[in-house]
Amino acid sequence: MESFRKLGLSEQFLKLLEEAGFRKPSEIQEKVIPLVLNGKDVIGGSATGSGKTLAFGAGIIERIRKDKGLQVLILTPTRELAEQVGGVFARFSRYKQLNVAIVYGGVNIKHQIIDLRNSEIVVGTPGRIIDHMERGTINLSDLKILVLDEADRMLDMGFVHDVEKIIRNCPKERQTLLFSATISGEIGHIAGRHMKNPETISVDSYVDPSKLRQVYYDVPKNLKFSLLVHLLKREKHGLVMVFCNTRHNTDFIGRNLENLGIDVLAIHGGLTQQKRNRIMEKFNKNKVYVLVCTDIAARGLDISGISHIYNYDIPKTSKDYIHRIGRTARAGKDGIAINILSEMDYDNFGNVLKDPSLNIEKAETPETETVRMMLPNQRFQKRQRWDSDDWKSRKFHREHHARNREWTDEGQRGEKQKRDDQGNFMGGKRNFGNRSGRGNFGGRRGIPQRSGNFRSQGRRQGNRAKSFSRRGRF
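So, here is what we can say about the structure in this document. Predicted model only: the values in this text are computed from it and were never measured.

## So, the sheet that holds strand β7 (residues 199–202)
Working step 1: With parallel pairing, seven strands are arranged side by side in an open sheet as β3-β4-β2-β5-β6-β1-β7. On the outer flanks of this sheet lie β3 (100–103) and β7, each paired with one strand and no other. Each strand of the sheet is rotated relative to its neighbour by a mean of 15 degrees, with strand direction disregarded.
Working step 2: As defined by bridge partners, β3 adjoins strand β4 (residues 121–124) across four bridges and the pair is classed as parallel. If you follow Ile 102 over to β4, its bridge partner there is Val 123.
Working step 3: Contacts from helix α4 (residues 52–63) reach β2 (72–75), β5 (145–148) and β6 (175–180), with the element oriented near 165 degrees to β6.
Working step 4: Of the strands in this sheet, β2, β3 and β4 touch helix α5 (residues 79–92), which is tilted by about 175 degrees from β3.

Pasting the structure below:
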């Protein structure tokens with residue numbers, strides 16, 4: 001703990017670090033903690049998992065005083081990252097008994113309003129912070145420190161205007177900390193407008209390139225899923241993340257893997273926050289070993305023990321690719337990034353290969369057994385459809401579908417045709433057995449009609465639909 005002590009941290013904080021198992025600071029922690037303690041503005045370039053949350057969190061917690069109003073605001077791009085950052089602050093601020101409020105969309109805002117009243121630290125997403133500002137339920141007048149975490153992702157997600165609006169409502173005399181995996185032109189623009197003589201800290205990637213192997217398979221489109229299943233069933237040690245580009249594909253792949261008996265969960269931004277929290281809790285506790293996810297849902301999550309990264313859909317940029325593969329080969333452990341390509345992925349893969357630092361080797365495609373996939377059901381269908389290259393199988397299922405069970409290939413007629421042959425026609429139209437004996441009913445087939453009067457002679461009253469009386473009277 002001596003190396004942490006040299007950074008200027010208090011004995012109480014050092015005790016919490018020791019209880020949490022920390023012995024030596026990471027590179028970014030060693031560089032950032034003294035700057036935060038001295039009140040300097042900081043631009044930190046570091047990838048997920050490098051320990052940056054504790055890097056800015058340690059200095060912030062040491063400087064904040066209880067019962068002095070809202071003093072720290074931390075903006076994150078996603079709900080999961082807000083939960084993760086908020087959890088770190090709550091854990092290491094126990095000795096000061098600081099109140100930490102975590103606010104984001106998709107959950108009841110009333111509980112957040114109550115939490116905001118007595119909080120010294122607030123962690124939230126830009127959209128929900130704007131919502132509280134408009135409601136007047138958050139007071140930024142006493143703010144001392146503003147943190148922009150995963151700033152590049154916030155800009156990619158279209159939060160630039162929300163971030164600018166929040167910054168304009170913060171006091172000008174404050175400390176600003178900005179952390180991003182990449183320092184782009186937009187990041188530099190925000191820093192130039194809203195930061196005062198910032199110190200720029202850049203650290204090497206937390207991923208060990210010597211421990212990370214990158215390969216790709218080039219297969220026909222109809223074999224992508226079969227190859228994924230083959231590889232997942234062959235490798236079962238460690239945790240696996242399978243990345244897709246859309247919510248629809250995430251659900252589709254997750255559902256089909258589950259149907260094949262693979263221990264899998266799917267997560268994306270379309271799920272409720274409670275469900276997303278339950279999924280991540282199960283994955284972190286190793287209750288499942290495969291997580292199918294989108295970039296946004298998995299952004300910023302620090303998950304240890306990831307051994308395999310599968311790109312079922314190739315990301316559009318090399319930056320997103322680096323974010324994905326950066327979740328494995330950490331802390332001296334081996335990792336592998338596997339890309340499954342078909343003709344539809346060539347353009348995206350070409351964009352990824354523009355980064356000369358990436359070394360992705362072509363792998364020989366193993367012999368795989370074709371796996372049938374359950375296709376997404378259409379709104380008007382009652383049964384799931386199965387994809388199959390066997391035309392005889394598809395013909396068999398068509399002939400034995402429930403709608404065709406009354407008809408046989410030998411030309412025999414079913415029960416419905418027999419009923420029709422008994423002369424149950426009137427005026428060329430089928431008689432569906434009107435109980436009142438008044439002839440054919442021109443509405444839906446097979447519905448016995450009651451005798452009786454329509455209310456108001458069949459006219460609607462207001463928005464009330466037509467209805468029959470059971471006894472024929474009202």
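## Comments concerning the state of the cysteines
Working step 1: Taken as a whole and judged by the stated rule, the model has zero disulfides.
Working step 2: Cys 244 provides the cysteine sulfur closest to Cys 293, a residue in no disulfide bond, and the two sulfurs are 7.9 Å apart.

## A word on helix α11 (residues 224–234)
Working step 1: For α11, a buried count of eight out of 11 residues is recorded, marking the element as mostly surrounded by other parts of the structure.
Working step 2: When α11 is considered as a whole, its buried residues turn out to be Lys 224, Phe 225, Ser 226, Leu 227, Leu 228, Val 229, Leu 231 and Leu 232.
Working step 3: In the core, the buried residues of α11 are packed alongside β8 (212–218), β9 (239–243), α12 (247–259), β11 (290–293), β12 (306–311) and β13 (335–341).

## Side note on the sheet that holds strand β10 (residues 264–267)
Working step 1: The seven strands are arranged β10-β11-β9-β12-β13-β8-β14 in an open sheet whose pairing can be described as parallel. Each end of this open sheet is capped by a strand with a single partner; those strands are β10 and β14 (361–362).
Working step 2: For β9 and β11, the ladder comprises four bridges, and the chain directions are parallel. Opposite Val 242, over in β11, you have Val 292 as the bridge partner.

Criteria and cut-off values
- Residues numbered from 1 in each chain as written.
- Predicted model: local features only at pLDDT ≥ 70, side-chain atom pairs only at ≥ 80, totals over all residues.
- Heavy atoms only, no water.
- Pairing = 2+ DSSP bridges.
- Helix = DSSP H or I, 4+ residues; strand = E, 2+ residues; numbered from the N terminus.
- Axes fitted to C-alpha atoms, helices over the stretch in contact; angles between N-to-C directions.
- Contact = heavy atoms within 4.5 Å.
- Disulfide = S-S within 2.5 Å.
- Buried < 20%, exposed > 50% of the residue type's maximum accessible area, 1.4 Å probe, protein only.

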